[in-house]
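Single-letter residue listing:
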Amino acid sequence: MTAAIQVNAVEKSFGNVQIIRDLNLSVAKGERHAIIGPNGAGKSTTFNLISGYIKPTSGEIRLNGEVTSGLRPFEINRRGLSRSFQVTNVFARMTVWENVRCAVLWATGHRYAFWKNVDNLPEVKQRTAQILDDIHLSHRSDVPAGLLTYAEQRELEIGITIAGGANVIMLDEPTAGMSHAETERAVALIRRLTEGRTLVIVEHDMSVVFGLADRISVLVYGHIIASGTPEEIRGNPKVKEAYLGEEVD
Amino acid sequence: MTNAPTPSLAAAKQEPGGALGFYGVWLLAAAALIVLPLIFSSGGSLTSFSLIGIAIIFALSYNILLGQTGLLSFGHAVQYGLGGFLAVHAMNAVANHNWPIPLPVIPLIGGIGGMAFALLVGWVMTKRAGTVFAMISLGIGELVASSSLILRSVFGGESGITTDRTSLMPMFGWTFGPQIQVYYLIAFWVLVSAIAMYALTRTPLGRICNAVRDNPERVEFIGYDPHVVRYLAYMFAGFFAGIAGGLTAINFEIANSAYLGAMQSGFVLFSTFIGGTAYFFGPILGAILVTYLQLGLTSVTSVWQLYFGVIFIGIVMFAPGGIAGILMKHRPLIRAGTLGTVIPSYLVAAIPTLAFALGIILTIETVARFSGGDPINLLGIPFVATAPTTWAAAAVLVVGGFLVARITWRRVAEAWDRAATVARDRGYLA
């Protein structure tokens with residue numbers, strides 16, 4: 001079976017500074033995969049490389065077997081990969097409803113249509129309502145996204161990411177800055193919404209990582225030093241030394 | 001499954017009458033356009049209405065870029081002017097060959113001209129938004145405006161190209177010689193264009209334009225190429241600007257290089273911004289006001305452009321949402337029934353603000369007429385520009401008006417906060 005995401009020997013340099021060194025990563029279809037590592041290890045850069053936000057200096061990235069390194073983000077998105085952002089990245093002046101609806105439009109085949117009334121597309125309407133219901137924001141659908149609370153914006157961020165129905169979902173620190181209760185709620189949400197899809201998640205909260213992930217990869221200085229099940233990672237001496245220390249015991 | 005907003009917010013969103021209200025607005029607009037010249041039938045007002053109508057289409061087309069897609073263009077008159085030139089050439093060709101094309105079709109040719117040029121240059125221009133787009137639009141504007149003086153066969157040089165709108169075949173017995181017939185032709189295109197441009201905002205493309213305006217980076221991650229979105233928006237804006245240009249050509253029976261220039265581009269930016277870019281009807285208000293002021297002020301003062309500058313700076317500084325923004329800010333208060341608590345503070349603030357404005361006017365006129373000119377006539381009171389009493393009066397009005405106005409506007413803000421809090425409690429404000 002082809003992997004959902006296959007990263008082969010990817011390198012990324014900004015000028016003389018090499019951020020990613022010989023990155024190899026394989027995420028199986030339907031797997032929930034967490035990427036952990038200390039600050040500055042290149043986790044977000046890895047996300048940016050896979051989602052097409054930046055291009056690798058060398059190496060190859062495949063999505064469901066197809067080479068996607070070198071493609072633009074929207075081309076990768078159309079091939080079934082959707083990502084969220086660490087810093088909330090929504091359409092601030094548009095309502096919550098419109099935010100989600102925009103994310104539904106391409107996937108439902110309406111593309112750049114300028115001859116259809118956007119309010120008269122039953123499938124779009126139904127899917128948007130479903131997503132809003134899923135992320136518990138139905139009661140806020142008429143509020144401009146910029147006026148939401150931080151936790152609500154994070155939920156909307158997830159909603160926009162999953163709205164297009166992509167089969168590979170990448171979430172960049174979805175619970176960053178959330179309270180304990182909010183985090184629990186968000187994790188339950190992520191678990192439910194990514195059911196049957198492939199999930200790649202960057203997360204600092206170890207309880208989230210070990211509670212959610214089927215497999216974990218540890219990234220240190222732009223290189224993956226270990227990849228395995230949560231138990232394997234817990235027991236890996238290299239990981240303990242490089243990053244986790246006593247934290248996982 | 002269902003989209004169920006809270007009852008209070010739903011109440012705030014629900015338009016009275018729904019679809020009926022929507023069509024009602026356009027029917028009302030159509031009725032107003034038909035009745036207007038019957039009430040104000042003088043030649044002067046017909047000319048004004050015609051110019052205002054054209055300005056409305058032009059400003060709405062500009063807002064497809066600025067308000068809808070977040071593109072600041074300094075060269076929107078290029079599409080307008082080229083539409084005008086194409087319309088003039090089309091009219092002359094139709095008249096020369098006796099083609100059976102009536103005059104009301106001509107603006108469409110202007111629109112196609114504007115769109116064709118946008119199609120040609122737009123792909124490169126819209127690659128990036130922001131400063132890059134603004135600078136390229138400025139460059140293209142200058143390029144085309146200077147070309148129009150060089151390429152005499154197409155643009156007619158300084159004098160431009162003339163035409164005779166009555167030389168085309170009459171339609172339903174209308175020759176379009178009298179201004180009233182031209183007015184109705186323009187009114188028809190105003191209504192059709194406005195409806196079309198409103199409809200455009202309600203399409204998938206229109207919504208994605210808003211998304212590109214808000215956050216082009218994120219748009220790339222929901223499957224859209226923001227470059228394509230901007231390009232399409234640019235073409236639509238060019239199309240409707242071309243229609244406006246075609247109507248101008250019909251109205252004046254001439255097209256010249258002034259149509260394409262920076263003045264014209266500035267004028268449309270000005271109208272749109274003053275009206276307010278965040279709401280569809282904003283540019284309509286702006287076009288009406290600015291055209292009316294332009295026509296009115298030129299006969300009153302020689303330095304009318306100075307006043308435009310002052311108004312523009314005032315709007316940018318104190319009401320960046322424009323007239324539409326000011327009006328819409330009051331909507332939740334009206335719905336919550338708390339507007340009445342704010343109005344007294346407005347009335348109080350109006351007095352020193354008016355004094356301040358009069359002081360500014362007196363200052364500007366004094367400076368303008370210092371080295372000669374008629375005495376200043378302000379509210380029936382004559383002022384002599386060289387008299388120290390005039391300077392003192394201006395200074396007192398400006399300084400005193402400003403100081404008192406500042407206090408009264410603070411009171412307005414307090415009254416506003418109280419009213420807004422009540423409106424929020426009643427669920428009419430998010």
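### Here we look at the interface of chain A and chain B
Contacts between the two partners involve 48 residues from chain A and, on the opposite side, 35 residues from chain B. Of the roughly 3,700 Å² buried between chain A and chain B on both sides combined, carbon and sulfur atoms contribute 58%. For chain A, the biggest contributors to the area lost against chain B are Phe91(A), Tyr112(A) and Asp142(A); these three give 19% of the whole. Counting across the interface, chain A meets chain B through five salt bridges. Taking the shortest distance from any N to any O, the salt bridge between Arg72(A) and Asp225(B) comes out at 3.7 Å. Taken together, chain A and chain B are joined by 21 residue pairs in polar contact (both at pLDDT 80 or more). Listed by contribution, the elements that provide at least two residues to the side of chain A that touches chain B are helix H2 (73-78), strand S6 (81-83), helix H3 (96-105), helix H4 (122-134) and helix H5 (150-163) of chain A. Looking at side-chain class alone, the side of chain A that touches chain B contains 23 nonpolar, 13 polar and 12 charged residues.

### So, the sheet that holds strand S1 (residues 5-14) of chain A
All names here are of chain A. The strand order S2-S1-S4-S5 describes an open sheet built from four strands, whose pairing is antiparallel. Each having just a single partner strand, strand S2 (17-27) and strand S5 (66-67) make up the two edges of the open sheet. Where S1 meets S2, seven bridges bridge the pair, whose relative direction is antiparallel. If you follow Ile5 over to S2, its bridge partner there is Val27.

### Some thoughts on the layout of surface pockets
If a probe the size of a water molecule is rolled over the atoms, the empty space left behind becomes visible. Residue and element names in this part refer to chain B. Of the pockets and cavities examined, the second largest pocket occupies roughly 540 Å³. If you go around the second largest pocket, you meet 20 residues; those closest to its centre are Tyr80, Met263, Gln264, Phe267 and Gln294. Within the residue set of the lining of the second largest pocket, elements represented by two or more residues are helix H3 (43-69), helix H11 (226-252), helix H12 (262-275), helix H13 (282-300) and helix H14 (304-318). Per element, the largest residue contribution to the lining of the second largest pocket is five residues, and it comes from H12. Looking at side-chain class alone, the lining of the second largest pocket contains 14 nonpolar, six polar and no charged residues.

### Considering the domain arrangement of chain B
Residues and elements named next belong to chain B. Splitting chain B by domain gives domain 1 (40-306) and domain 2 (331-425). For domain 1 and domain 2, the distance between their C-alpha centres works out to 35 Å. In this complex, domain 1 contributes four residues to the contact, which on the side of domain 2 involves four residues. Buried area between domain 1 and domain 2, both sides added, is near 260 Å², and the carbon and sulfur share of it is 63%. Area buried by domain 1 at its contact with domain 2 is led by Thr301, Val303 and Leu306, which between them contribute 83% of it.

### Re the packing of helix H5 (residues 106-125) of chain B against H11(B)
Residues and elements named next belong to chain B. Across the interface, H5 lies against H11 with an axial gap of 6 Å and an inter-helix angle of 145°. Viewed along their axes, H5 and H11 form a crossing whose handedness is right-handed. Here the residues of the contact of H5 with H11 sort into 18 nonpolar, eight polar and no charged.

### Topic: the nonpolar core
Within the largest apolar cluster, 140 residues are counted, with the highest numbers of intra-cluster contacts made by Leu156(A), Ile216(A) and Tyr224(B). When neighbours within four sequence positions are excluded, Ile216(A) is seen to be in contact with His33(A), Ala34(A), Ile36(A), Val209(A), Phe210(A), Ala226(A), Ser227(A), Gly228(A), Pro230(A) and Ile233(A). Leu25(A), Leu71(A), Val202(A) and Ile224(A) belong to the second largest nonpolar core, which has 25 residues in total.

Conventions used here
- Residues numbered from 1 in each chain as written.
- Chains lettered and ligands numbered in written order.
- Predicted model: local features only at pLDDT ≥ 70, side-chain atom pairs only at ≥ 80, totals over all residues.
- Heavy atoms only, no water.
- Contact = heavy atoms within 4.5 Å.
- Buried area = accessible area lost by both parts, 1.4 Å probe.
- Salt bridge = Lys/Arg side-chain N within 4 Å of Asp/Glu carboxyl O.
- Polar contact = N/O pair within 3.5 Å; in protein donor to acceptor, adjacent residues only side chain to side chain.
- Helix = DSSP H or I, 4+ residues; strand = E, 2+ residues; numbered from the N terminus.
- Nonpolar A, V, L, I, M, F, W, Y, C, P; charged D, E, K, R; others polar.
- Pairing = 2+ DSSP bridges.
- 1 Å grid on protein atoms, 1.4 Å probe; cavity = no way out; pocket = protein on both sides within 12 Å on 5 of 7 lines; lining within 4 Å.
- Points joined across faces, edges and corners; volume = space filled by probe spheres on them.
- Domains from an automatic or database assignment.
- Axes fitted to C-alpha atoms, helices over the stretch in contact; angles between N-to-C directions.
- Left-handed = near helix turned anticlockwise from the far one by under 90°.
- Core = buried A, V, L, I, M, F, W, Y, C linked by side-chain atoms within 4.5 Å.
- Buried < 20%, exposed > 50% of the residue type's maximum accessible area, 1.4 Å probe, protein only.

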